[in-house]
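Chain by chain, the residues run as shown.
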Amino acid sequence: MKIALNEMMETINMVQMESLDIRTVTMGISLYDCADSDFQKLNESVYKKITKYASKLTEVANAVEKEYGIPIINKRISITPIAEILGNSTVEQAVTLAKTLDKAAKDLNVDFIGGYSALVHKGITKGDQTLLAALPEALSVTERVCASVSVATTRTGINMDAVKQMGEIIKKAAENTKDQNGLACAKLVVFCNPVEDNPFMAGAFHGAGEGEVVINVGVSGPGVVLSALKKYPEADLGEVSEIIKKTTFKITRAGELIGRVVAERLDVPFGIMDLSLAPTNAINDSVAEILEEIGLERVGTHGTIAALALMNDAVKKGGAMASSYVGGLSGAFIPVSEDNGMIKGILDDSLTLSKLEAMTCVCSVGLDMIALTGDVTAATLSAIIADEAAIGMINKKTTAVRVIPVPGKKEGEIVEFGGLLGRAPVMGVNPFSSAKLIDRGGRIPSPLQALIN
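Residues numbered from 1 in each chain as written. Predicted model: local features only at pLDDT ≥ 70, side-chain atom pairs only at ≥ 80, totals over all residues. Heavy atoms only, no water.

Where an unreviewed UniProt entry is consulted, the protein chain appears under the name UPF0210 protein WMO63_01525, with the organism given as Niallia hominis. In its Sequence similarities (unreviewed entry) section, UniProt records this for the protein chain: "Belongs to the UPF0210 family." Under the UniProt heading Subunit (unreviewed entry), the note attached to the protein chain is "Homodimer." (UniProt positions renumbered as here; feature names shortened; annotations may be inferred.)

In structure tokens form, the structure reads like this:
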């Protein structure tokens, strides 16, 4: 990649004035060759392989950050879905493996390790069931391990037996960490149509179609996009789209440069650039504020979905022009606890759970980092997951649920999660039951869209 002087100067300004950063450099590592009927050997092989490949990840990323002057906020690792190598391991052994992953992450000084995962969108194997049973404890006794479970795809439909289990797992994980406001749930994502090269947590895993090891990069630029739009307050919506496209092009160029340099110095293949606009709690680093700059008095009001659709489309178009290796989720995240504008929308009664659900039809992922009342039932959690899975299945897109039922908290209270996870107002849910729907179980068949051959 050849970077012109004017691009360098623009990038410096983005970093210094507009909160541009590389949100994550994530190393994906295949663990298939670690599978072993002897759990002790499996456990040791996993630790050795991860620490071998990622031994210099943090060191190199820190050096590149210092050399190029672009902050790299997180160094992360994604691995083969652990359920696929568990074999005949017990639940206790699965928890032990989670602790091994946590130790590897700490020893390597990486922020998170993702891939304590299972893909159960069509059926549940013995290894899958072992991992599902281990999830509440595993996420409660580890700090840096992130988990995800795929319960639906457009090609297979929705595994409602798995959906039911996930509601129960989320409820139990929250209870296990009630002294931390249910923090374990912040490390657990339930997916429809997950991607294999997602560098963002908590949903990252190294998919079966990936190579032995790879570097994937996720950028973060809401502040840069917001700053660009503020320069053109009278632009029509077509011009707004162009501004976002051009800005995303620049963000992507900077992100791919950093990713390729890190990959080259680690002697690892460069994988993909994830274009997702990932907000933080920093001032003017909010996706909601971009939507409000486009023309909404407050995020959540009428027109929100149209504005979000415009922004998401422009982000994809601008990024695709800048890089031939766009992947991951690539769009806009709308995590409530990590976005000051979203929080304000809820506090002002503009943004509701139903509106957030509707917004997921046109954004990157789904219901993300939403605090719910502690008395929400497992069946209601499962029903929320089923709704999101249906949106993803029918629309042939990734959707996800990362919700936190906060033990002992009621609607309207504020809970703190700390760090990048931020804080969130506790939201209420519809009081009517979905238990009969969830108890039916079985599989919702794949839609007609699945018959694409």
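Back to the text.
S.K.: Lay out the confidence of the model for the protein chain with the relevant residues and their values.
M.R.: Averaged over every residue, the pLDDT of the protein chain is 91; the share at 70 or more is 96%. Ranking the elements of the protein chain by mean pLDDT puts helix α1 (residues 5-17) last with 55 and strand β5 (residues 157-159) first with 98. (pLDDT = per-residue confidence, 0-100. Helix = DSSP H or I, 4+ residues; strand = E, 2+ residues; numbered from the N terminus.)

S.K.: Please provide a residue-by-residue account of the packing of aromatic side chains, values included.
M.R.: Going through the model one piece at a time under the given rule, you end up with 1 aromatic pair. Ring geometry for Phe200 and Phe333: centres 4.9 Å apart, planes at 80 degrees, overall edge-to-face. Taken together, the residues Phe200 in the loop between β6 (188-192) and β7 (213-220) and Phe333 in the loop between α11 (304-322) and α12 (340-347) connect sequence positions 133 residues apart. With relative accessibility at 8%, the residue Phe333 sits in the buried group. Over the aromatic face of Tyr53 sits the side chain of Lys52, whose NZ or CZ is 5.7 Å from the ring centroid. (Phe/Tyr/Trp six-rings, centres within 6.5 Å; stacked < 30°, edge-to-face > 60°. Buried < 20%, exposed > 50% of the residue type's maximum accessible area, 1.4 Å probe, protein only. Lys NZ or Arg CZ within 6 Å of the ring centre and 35° of its normal.)

S.K.: Describe the pairing of strand β9 (residues 367-373), with residues and values.
M.R.: Taking burial as the measure, the 7 residues of β9 include 7 buried ones, the bulk of the element. Alignment of β9 against strand β10 (residues 399-406), held across 6 bridges, turns out to be parallel. Within β10, the residue paired with Leu372 across the bridge is Pro405. (Pairing = 2+ DSSP bridges.)

S.K.: Go over the packing of helix α5 (residues 91-108) against helix α6 (residues 126-141) with me, naming the residues and quoting the values.
M.R.: Where α5 meets α6, the axes come as close as 8 Å, and the angle between the chain directions of the two elements is 45 degrees. By the criterion of interaxial angle, the relationship of α5 to α6 is oblique. The two elements α5 and α6 cross, and the hand of that crossing is right-handed. Of α6, the residues touching α5 (which contributes Val91, Ala94, Val95, Ala98 and Lys99) are Thr130, Ala133, Ala134, Glu137, Ala138 and Val141. Within the contact of α5 with α6, the residues separate by chemical class into 8 nonpolar, 1 polar and 2 charged. (Axes fitted to C-alpha atoms, helices over the stretch in contact; angles between N-to-C directions. Parallel < 35°, antiparallel > 145°, perpendicular 65-115°, else oblique. Left-handed = near helix turned anticlockwise from the far one by under 90°. Contact = heavy atoms within 4.5 Å. Nonpolar A, V, L, I, M, F, W, Y, C, P; charged D, E, K, R; others polar.)

S.K.: Just give me the short version of helix α7 (residues 160-176), but keep the residues and values in it.
M.R.: The first and last C-alpha atoms of α7 sit 24 Å apart over 17 residues, in line with the 24 Å expected at 1.5 Å per residue. For α7, the full list of buried residues reads Met160, Ala162, Val163, Gln165, Met166, Gly167, Ile169, Ile170, Ala173 and Ala174. N-capping of α7 is provided by Asn159, with a side-chain oxygen placed 3.2 Å from the backbone N of Asp161. (Expected span 1.5 Å × (residues − 1). Polar contact = N/O pair within 3.5 Å; in protein donor to acceptor, adjacent residues only side chain to side chain.)

S.K.: With reference to specific residues and values, describe the environment of Gly87.
M.R.: For Gly87, the location among the structural elements is in the loop between α4 (83-86) and α5. Separated by 136 residues in sequence, Gly87 and Gly223 have C-alpha atoms that sit 46 Å apart. In contact with Gly87, not counting residues within four places along its chain, are Lys126 and Gly127.

S.K.: Got a sec to walk through the nonpolar core? Specific residues and values, please.
M.R.: Formed by 135 residues in total, the largest nonpolar core has its most connected members in Ile50, Tyr116 and Leu135. Broken down by element, this core gets its largest block of residues, 10 residues, from helix α9 (residues 237-266). Setting aside residues no more than four positions away along its own chain, Leu135 makes contact with Tyr116, Ala147, Val149, Met166, Ile169 and Leu188. In terms of nonpolar packing, the next biggest core, distinct from the first, is built from 12 residues, Phe191, Phe200, Met201 and Ala202 among them. (Core = buried A, V, L, I, M, F, W, Y, C linked by side-chain atoms within 4.5 Å.)

S.K.: Describe the packing of helix α8 (residues 222-230) against α9, and please don't skip the residues or the numbers.
M.R.: A pair of packed helices is characterised by two quantities: the angle between their axes and the separation of those axes. Remark: α8 packs on α9, axes separated minimally by 9 Å, with the N-to-C direction vectors making an angle of 140 degrees. Relative to α9, the element α8 is oriented oblique. Between α8 and α9 lies a crossing whose hand is right-handed. Where α8 approaches α9, its residues Val224, Val225, Ala228 and Leu229 are matched on the opposing element by Val240, Ile243, Ile244, Thr247 and Ile251. Tallied by class, residues from the contact of α8 with α9 come to 8 nonpolar, 1 polar and no charged.

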